[in-house]
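# Survey of secondary and tertiary structure
Here is how the chains run, residue by residue.
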Amino acid sequence: MSKQAAVIYGIGTFYKKMEIVIGDIYEVAALSDQNADLSKNIMPLTDALMRPYDVVVLMIMNLETCYDVIGMLIEEYKVPYYKIKLGLNLVENKGWDCMDINSDGNIVFQKGKVSLVVGSTDELNNILEIFCGNCYGYFIDDRSREVILDIGMNIGGGCLYFLERQTVVKVYGFEPFRDTFMRARENFERNGLLEDDRLEYFPYGISDCDEIRTVIYNKNMSCGQSTNSEINSRARKQYQEWGLISDNDDKVAEVEVRDIGAILAKIYEKHKEEKVILKIDCEGEEQRIMSRLERADLLKRVTIIMLEWHCGQEDSLIGILKRNDYTFWNFRHENNTGGLIYAVRRTI
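Throughout what follows, the structure given in this document is the object of discussion. For clarity, every value in this text was computed on a predicted model and none was experimentally measured. (Residues numbered from 1 in each chain as written. Predicted model: local features only at pLDDT ≥ 70, side-chain atom pairs only at ≥ 80, totals over all residues. Heavy atoms only, no water.)

### Quick notes on the overall build of the protein
When helices and strands are tallied, the protein shows ten helices and 18 strands. Against the compact-globule benchmark of 20 Å for 348 residues, the protein has a radius of gyration of 23 Å, which places it among compact chains. In terms of its C-alpha atoms, the protein occupies a principal-axis envelope of roughly 70 × 45 × 35 Å. Residues counted as buried form 53% of the 348 residues belonging to the protein. By sequence separation, contacts in the protein at least 24 residues apart represent 63% of the contacts at least 6 residues apart. (Helix = DSSP H or I, 4+ residues; strand = E, 2+ residues; numbered from the N terminus. Rg over C-alpha atoms; globule rule 2.2 N^0.38 Å. Buried < 20%, exposed > 50% of the residue type's maximum accessible area, 1.4 Å probe, protein only. Contact = heavy atoms within 4.5 Å.)

### Concerning the packing of helix α9 (residues 286-295) against helix α10 (residues 314-323)
Between α9 and α10, whose axes approach to 10 Å, the crossing angle comes to 25°. With respect to α10, the element α9 is oriented roughly parallel. Between α9 and α10 lies a crossing whose hand is left-handed. Note on element contacts: α10 touches α9 through Ser316, Leu317, Ile320, Leu321 and Arg323, opposite Glu286, Gln287, Met290, Ser291 and Glu294. Grouping the constituent residues of the contact of α9 with α10 by class yields four nonpolar, three polar and three charged. (Axes fitted to C-alpha atoms, helices over the stretch in contact; angles between N-to-C directions. Parallel < 35°, antiparallel > 145°, perpendicular 65-115°, else oblique. Left-handed = near helix turned anticlockwise from the far one by under 90°. Nonpolar A, V, L, I, M, F, W, Y, C, P; charged D, E, K, R; others polar.)

### Describing the pairing of strand β1 (residues 4-9)
Burial runs high along β1: five of the six residues are buried. Where β1 meets strand β2 (residues 26-32), six bridges bridge the pair, whose relative direction is parallel. Bridge pairing in β2 links Gln4 to Tyr26. The parallel pair β1 and β2, bridged by helix α1 (residues 13-25), forms a crossover whose chirality is right-handed. Sheet analysis places β1 next to strand β4 (residues 55-58), joined by four bridges and oriented parallel. Paired with Ala6 across the strands is Val55, a residue of β4. (Pairing = 2+ DSSP bridges. Right-handed = clockwise from strand over helix to strand, strands pointing away.)

### With respect to the pattern of salt bridges
Across all of its chains, the model carries 19 salt bridges by this definition. Measuring nitrogen to oxygen at the nearest pair gives 2.5 Å for the salt bridge that ties Arg183 to Glu123. Residue Arg183 is located in helix α6 (residues 178-190), and its partner Glu123 is located in helix α4 (residues 121-131); the two are separated by 60 residues in the primary sequence. Using a relative accessible area of 0% as the deciding quantity, one classes Glu123 as buried. Its salt-bridge partner being Asp259, residue Arg292 comes within 2.8 Å of it at the nearest N-O pair. One end of the pair, Arg292, is in helix α9; the other, Asp259, is in strand β14 (residues 250-259), and 33 residues separate them in sequence. Using a relative accessible area of 21% as the deciding quantity, one classes Arg292 as partly exposed. Accessibility expressed as a relative area gives 11% for Asp259, which makes it buried. Via salt bridges that share partners, Glu211, Arg213, Glu285 and Arg288 belong to a single interconnected network. (Salt bridge = Lys/Arg side-chain N within 4 Å of Asp/Glu carboxyl O.)

### Observations concerning the side chain of Asp150
Of note, Asp150 is situated in strand β9 (residues 146-151). Setting aside chain neighbours within four positions, we find Asp150 in contact with Gly158, Cys159, Tyr172, Gly173, Phe174 and Lys279.

### Quick look at helix α7 (residues 229-242)
Here α7 contains 14 residues, and its C-alpha end-to-end distance of 20 Å stays within 8% of the 20 Å for a straight helix at 1.5 Å per residue. All of the buried residues along α7 are Ile231, Asn232, Ala235, Arg236 and Tyr239. Buried positions in α7, seen along its axis, are confined to an arc of 140° and lie on one side of it. Among the exposed residues of α7, those oriented more than 90 degrees off its buried face are Glu230, Lys237 and Glu241. Among the structural elements, α4, β13 (211-218) and β14 are those in contact with the buried residues of α7. For α7, the N-terminal capping position is held by Asn228, with its side-chain oxygen 3.0 Å away from the main-chain nitrogen of Glu230. Looking one or two residues past α7, Gly243 carries a phi angle of roughly 75°, positive in sign. (Expected span 1.5 Å × (residues − 1). Arc of directions from axis to C-beta. Polar contact = N/O pair within 3.5 Å; in protein donor to acceptor, adjacent residues only side chain to side chain.)

Next comes the structure, spelled out in structure tokens:
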């Protein structure tokens with residue numbers, strides 16, 4: 001069987017490490033890089049794409065750069081999306097089955113039966129944490145029956161991860177930003193879950209009250225969007241420093257939040273025997289949620305809490321967990337402005 005002719009883009013350390021593997025799979029038609037060097041046969045991309053080729057292989061480790069180059073190839077150079085391949089798929093022990101490109105220039109992440117369309121570096125990092133980092137990989141016992149509240153479900157990665165577990169009988173997902181919610185719905189449809197009784201998902205966020213709020217939404221920071229305007233502004237500043245967002249993608253969004261007390265009380269009534277697990281990743285709303293649950297005495301049936309905290313909320317959240325009989329692990333991010341808490345209730 002003849003090899004496909006490939007234009008290789010990105011001639012750095014990653015390429016040099018994988019050069020033998022590439023040679024085993026492809027017939028290299030041309031080498032190209034943003035820093036062309038004709039003395040080393042590294043061409044400008046315009047010249048490289050004039051060679052006969054079957055695929056363009058991106059030997060790029062940086063995910064943000066991958067998205068930028070994919071967009072450039074499709075929009076500027078008119079390379080068909082199906083001819084663009086990610087060199088990341090050549091890595092051994094990568095933790096996923098494949099990452100392809102779809103007609104919109106988005107990455108399609110695939111692992112086992114799960115397939116997710118991922119529209120930004122921010123979202124892809126989140127999906128890699130969930131499915132490759134196993135950041136929600138709890139275990140109770142094989143006979144357990146569990147109900148998950150995915151508060152801040154984003155594009156649906158957490159819901160899909162939890163539904164892979166045999167002990168999970170129901171997942172409730174909550175996402176307040178309409179664009180992100182609709183992309184989660186598309187991912188659920190992609191995985192045949194729109195009619196699945198184990199999944200219910202709602203186009204609103206969770207807080208300590210019922211309220212409509214107005215915030216700035218940017219599609220490239222969907223994992224950092226907050227329904228809290230102050231925290232949203234801080235997140236935007238950080239994303240701008242990282243070079244992940246542009247003001248050109250901003251738009252005003254009206255979002256709804258609802259009271260966790262009323263929602264969880266109904267879930268308790270419906271699921272009287274199952275263990276309840278909270279996954280809370282809602283960019284700053286966690287303090288209001290946990291305080292509301294404590295005031296309403298609703299934490300007594302929550303077996304496990306997996307929570308990301310932000311902006312100095314650490315001590316208050318730890319106090320709530322201590323007062324409500326939880327053992328917990330607290331991991332601070334390197335910048336010390338947030339972290340992760342995994343908590344298990346000692347008595348149910």
